[in-house]
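These are the residues of each chain, in order.
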Amino acid sequence: MTASAPSPSPTPLSPAETQALDQALAHWQAEPGGLLPALHVLQDELGFIPPATLPALAQAFGLSRAEVHGVITYYHHFRQTPPAHHCLGLCQAEACQARGARALTQQAQDLLQCTLGHTRSDHHWQLEAVSCLGLCASGPALMLDGTLHAQVDAQRLQALLAAVPTPPMESSS
Amino acid sequence: MSTVTVYVPRDSAARALGADAVATAVLQETRQRGQHIHLVRNSSRGLFWLEPLVEVQVGARRLAYGPVQAQDVAALLDSGMLEGGQHPLALGSIEDHPYLQQQERLTFARMGITDPLSLSDYAAHEGWRGLHQALDRTPQQIVQEVLDSGLRGRGGAGFPAGIKWKTVLDAPGSQKYIVVNADEGDSGTFADRMVLEGDPFLLIEGMIIAALAVGATQGYVYIRSEYPDAVAVMEQAAQLARKAGYLGPDILGSGRSFDLQVRKAAGAYVCGEETALLESLEGKRGIVRAKPPLPALRGLFGQPTVINNVLTLAAVPFILARGAQAYAHFGQGRSRGTLPFQLAGNLRQGGLVEKAFGVTLRQLVQDFGGGTASGRPIRAIQVGGPLGAYLPISLLDTPMDYEALSAVGGTLGHGGVVVFDESVHMAQQAHYAFTFCAQESCGKCTPCRIGSARGAELIETLLAHPQQAAQHSVLLRDLCNTLLQASLCAMGGMTPFPVLSALNHFPQDFHLPAESFPAP
């Protein structure tokens, strides 16, 4: 595998990216251990961490680009590509398994025509495996576009997905 | 009529079950009827099968209704809910509910009762009493109180908190830190989340007391990114506490200084391991450090650091306010005090049960939990998170304390109890334990990084070739032994717990294909 650090020639940042980067660095550059919170600001603002921000991050924190890349790729939460329009995170952990999470996952994959851990090619949906949302007494649990839902059965899942403005499948309707 | 106080929890589990819509409906419906109410978004009582749980203050009592959905609100008001009227969802005085009556809530004393972000609520319910005690004492006296209470780390390792604090107190260092491990990644656990969302000043008080005890001036609360509500509440609570003079350069005019910062984790399970957490707080990859040096001597940024779980620090205000003996009075053997157990998985009555150590597993899952939600018999119970053992029903009478769980090849961990009914396939669960470890291993040590992947493959092979099961299970046990003995931290070192317990207690499942079990 080749190191995926960006080339030395700087890629220009979009105005939104520049603004998010300025915001992240203004808050966190001087803080001890500020890289992680800075990455959170970037992802919260932009939905992902654009690889083009890497050289500036590295310089601001006195790290090599490889180190920053290492941090971003180590954590499951951070992503370097834009997220899909809608995200469904399904809890896969034991407490939800005990309440039928495996069957629910299968149903979600069928309904959305998307494999767990992947983004659909039309970019409408991404289906993520989540390990524990802290709703373990009320499983199975999921997070749909940032909102938590508990005690989700087959019927409820269908209703939740049907209420999302984007059609679950591009071919449908 | 006068203004009635109505409570609808703001806990994220209640919200995931529709509490926000219920709160909106209560406001709308009462306004339409010209009824005046004061709506409080309280914390959750932890009786999750009854959430959203609506409470109405009637005289000195709080009468409850649950589980309430938004569409029930009109009918509830028609039945005179604001005066405690009868309705099929009526539960009577919530404090008299047997699920609460039979608990020993020391740490969770305020849970479900107060508005989490109300400083006056907190103060009116014994808040800050521990801190005031601590401000009048020397660091040595505070440490001694915690030592005498017998409090052990609630994160899983069970190390005596007082000894950790004493080490930091005695360590030379110009800057010392208090770090809260709120990276509650274990499936089946939600007690940290409840404290962070439902009683944040309790944690802040515990942190300040720890800081006074060891001479720390800066604290960090490391909260997992899967808990956005917890992050938001803690940040607001810290701001309120700062404004009120509990945090900052001059705590309540004492001349002592302490402040804290909330830091969001980024979805790495292994960062719940203390040294990986410290690396992550330093802005690095969350890779486990070799010990020694202990974090107490060289922790965050190389400085002496108290790193404690949320529940450990949350137990401290009670100990200071009521005295070490009041806390140590509960529990048995070397497990003193109480543990907030979390009943989860396939249970009719899942929730938070704070009991003294020594309560049996049977009492928890049958008396409190009410048996399975599915109605099928219980088959296995995983105690202590994803690295905890699967216990069969023959071990239901195991008392819940650190030593007793250890004696049956398990761990109490963070107090999570996950119940499975007879549809569970234990080889599949053992396989999951290995794949979870492979996914979440930090990669620093070989047994964990490689062993977990090989373990998952081995179980697949074993299930595919049942005729060679005996041979493969010897290999599996050998592999588990390597992980147990040679891993750097508990991630690899305890992944064999669920695997070996499944193999020991449910050997028949390693000879049967998954299809032979009914779907849960």
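Residues numbered from 1 in each chain as written. Chains lettered and ligands numbered in written order. Predicted model: local features only at pLDDT ≥ 70, side-chain atom pairs only at ≥ 80, totals over all residues.

Peer 1: Would you explain the overall build of chain A in this entry?
Peer 2: Of regular secondary structure, chain A possesses seven helices and five strands. Each of the 173 residues in chain A was classed as buried or not, and the buried ones make up 40%. Put simply, 59% of the contacts in chain A that link residues at least 6 apart link residues at least 24 apart. (Helix = DSSP H or I, 4+ residues; strand = E, 2+ residues; numbered from the N terminus. Buried ≥ 20, exposed ≤ 12 C-beta atoms within 10 Å, placed from the backbone. Contact = placed C-beta atoms within 7 Å.)

Peer 1: How do you make sense of the overall build of chain B when you look at a structure like this?
Peer 2: Regarding its fold elements, chain B presents 21 helices and 16 strands. On C-alpha atoms alone, chain B measures out to a radius of gyration of 24 Å, which is about the 24 Å that the 2.2 N^0.38 rule sets for 520 residues. Dimensions of chain B along its principal axes, counting C-alpha atoms only, are 75 × 60 × 40 Å. The 520 residues of chain B split such that 59% are buried. (Rg over C-alpha atoms; globule rule 2.2 N^0.38 Å.)

Peer 1: Where do I start with the packing of helix H7 (residues 139-149) of chain B against helix H10 (residues 200-214) of chain B in this structure?
Peer 2: Residue and element names in this part refer to chain B. Between H7 and H10, whose axes approach to 7 Å, the crossing angle comes to 125 degrees. With respect to each other, H7 and H10 are oriented oblique. In the crossing of H7 with H10, the sense of the turn from one axis to the other is left-handed. Two secondary-structure elements touch here, H7 through Pro-139, Ile-142 and Val-143 and H10 through Ile-209, Leu-212, Ala-213 and Val-214. (Axes fitted to C-alpha atoms, helices over the stretch in contact; angles between N-to-C directions. Parallel < 35°, antiparallel > 145°, perpendicular 65-115°, else oblique. Left-handed = near helix turned anticlockwise from the far one by under 90°.)

Peer 1: How should the domain arrangement of chain A be read in this particular structure?
Peer 2: The accessible area lost on association of the parts is a frequent measure of interface size. Segmenting chain A into domains produces domain 1 (15-74) and domain 2 (86-162). A C-alpha centroid distance of 30 Å is found between domain 1 of chain A and domain 2 of chain A. (Domains from an automatic or database assignment.)

Peer 1: It is not clear to me how the sheet that holds strand S2 (residues 118-119) of chain A should be interpreted in this structure. Could you clarify?
Peer 2: What holds strands together in a sheet is hydrogen bonding between their backbones, with the strands either parallel or antiparallel. All names here are of chain A. Taken in spatial order, the five strands of this open sheet run S2-S3-S1-S4-S5, and their pairing is mixed. The open sheet has two edge strands, S2 and strand S5 (147-149), and neither has a second partner. The pairing of strand S1 (residues 86-91) with strand S3 (residues 125-130) spans six bridges and is parallel. Note that in S3 the partner of Leu-88 across the bridge is Leu-127. Docked against the sheet, helix H6 (residues 101-112) engages S1 and S3, running at close to 160 degrees with respect to S1. (Pairing = 2+ DSSP bridges.)

Peer 1: What is the right way to read the domain arrangement of chain B from this model?
Peer 2: Residues and elements named next belong to chain B. Segmentation of chain B into domains returns domain 1 (4-101), domain 2 (119-328), domain 3 (331-421) and domain 4 (426-516). For domain 3 and domain 4, the distance between their C-alpha centroids amounts to 23 Å. Counting residues at the interface gives 12 residues for domain 3, matched by 14 residues for domain 4. Elements represented by at least two residues in the side of domain 3 that touches domain 4 include exactly strand S14 (378-383) and strand S15 (390-392). Among the elements that make up the side of domain 3 that touches domain 4, the one with the highest residue count is S15 (three residues). The residue inventory of the side of domain 3 that touches domain 4, partitioned by class, reads seven nonpolar, five polar and no charged. (Nonpolar A, V, L, I, M, F, W, Y, C, P; charged D, E, K, R; others polar.)

Peer 1: Can you help me understand the interface of chain B and chain A in this one?
Peer 2: Taken together, the contact pairs 44 residues of chain B with 37 residues of chain A. Among the elements of the structure, helix H1 (12-16), strand S8 (259-264), helix H12 (274-281), strand S12 (338-345) and strand S16 (416-421) of chain B are those that each provide at least two residues to the side of chain B that touches chain A. Taken together, the residues of the side of chain B that touches chain A sort by class into 19 nonpolar, 16 polar and nine charged.

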